[in-house]
Amino acid sequence: MVTVLLPGPLRGEAGGASRLTVAATGTLRAVLDELDGAWPRLGRRIRDERGELRRYVNVYVDGEDCRHAGGLDTPVGDGAEVQVLPSVAGG
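These notes cover the structure that comes with them. Computed from a predicted structure; not experimentally measured. (Residues numbered from 1 in each chain as written. Predicted model: local features only at pLDDT ≥ 70, side-chain atom pairs only at ≥ 80, totals over all residues. Heavy atoms only, no water.)

1. Considering unusual backbone geometry
In plain terms, the rule: By definition, any uninterrupted DSSP run of H or I lasting at least four residues is a helix, any uninterrupted run of E lasting at least two residues is a strand, and each is numbered from the N terminus. We call a residue buried when its accessible area falls under 20% of the maximum for its residue type, exposed when it is over 50%, and partly exposed in between, using a 1.4 Å probe and counting protein chains only.
For Asp-62, which is not glycine, the phi dihedral falls at a positive 50°. By the secondary structure assignment, Asp-62 is in the loop between strand 4 (57–61) and strand 5 (64–65). Using a relative accessible area of 55% as the deciding quantity, one classes Asp-62 as exposed.

Right under this line is the structure:
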């Protein structure tokens with residue numbers, strides 16, 4: 001099982017949950033595929049129509065930025081924690 005942590009702005013797409021648990025392991029792509037199947041609105045906020053991570057979304061697997069660890073092919077083992085953080089802009 002993998003725990004996915006969601007910040008406030010994304011919780012509405014997952015029924016208000018701050019933590020989701022998915023059975024998928026292996027790669028970040030597999031975890032996000034399961035998320036998309038169970039919570040399609042959340043999936044659309046994380047990935048674009050090509051299935052790639054949206055430019056403004058940062059995803060960390062056990063604290064490591066997935067963009068520096070293999071992108072969607074980042075290994076995700078059983079018991080891992082995946083954190084999804086949309087970028088914040090302003091000024």
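After that view, the rundown keeps rolling.
2. Notes on the pairing of strand 2 (residues 19–22)
Operational definition: At least two DSSP bridges between two strands are needed for those strands to be called paired.
Burial of the side chains of strand 2 is restricted to one face: Leu-20 and Val-22 are buried, whereas none of Arg-19 and Thr-21 on the reverse face is. Both strand 1 (residues 2–5) and strand 2 contribute to a ladder of four bridges, which runs antiparallel. Within strand 2, the residue paired with Leu-5 across the bridge is Arg-19.

3. A few points about the pattern of salt bridges
Note the threshold: Between Lys or Arg on one side and Asp or Glu on the other, a salt bridge is scored when a side-chain nitrogen of the former is within 4 Å of a carboxyl oxygen of the latter.
Under the criterion given, the structure shown has five salt bridges. Its salt-bridge partner being Arg-47, residue Asp-33 comes within 2.8 Å of it at the nearest N-O pair. Here Asp-33, found in helix 2 (residues 28–38), pairs with Arg-47, found in the loop between helix 3 (40–46) and strand 4; they are 14 residues apart in sequence, far enough to count as distant. By relative accessible area, Asp-33 is classed as partly exposed at 41%. Between Asp-48 and Arg-50 there is a salt bridge; the shortest N-O distance is 3.5 Å. Put simply, Glu-13, Arg-41 and Arg-45 are held in one network by salt bridges that share partners.

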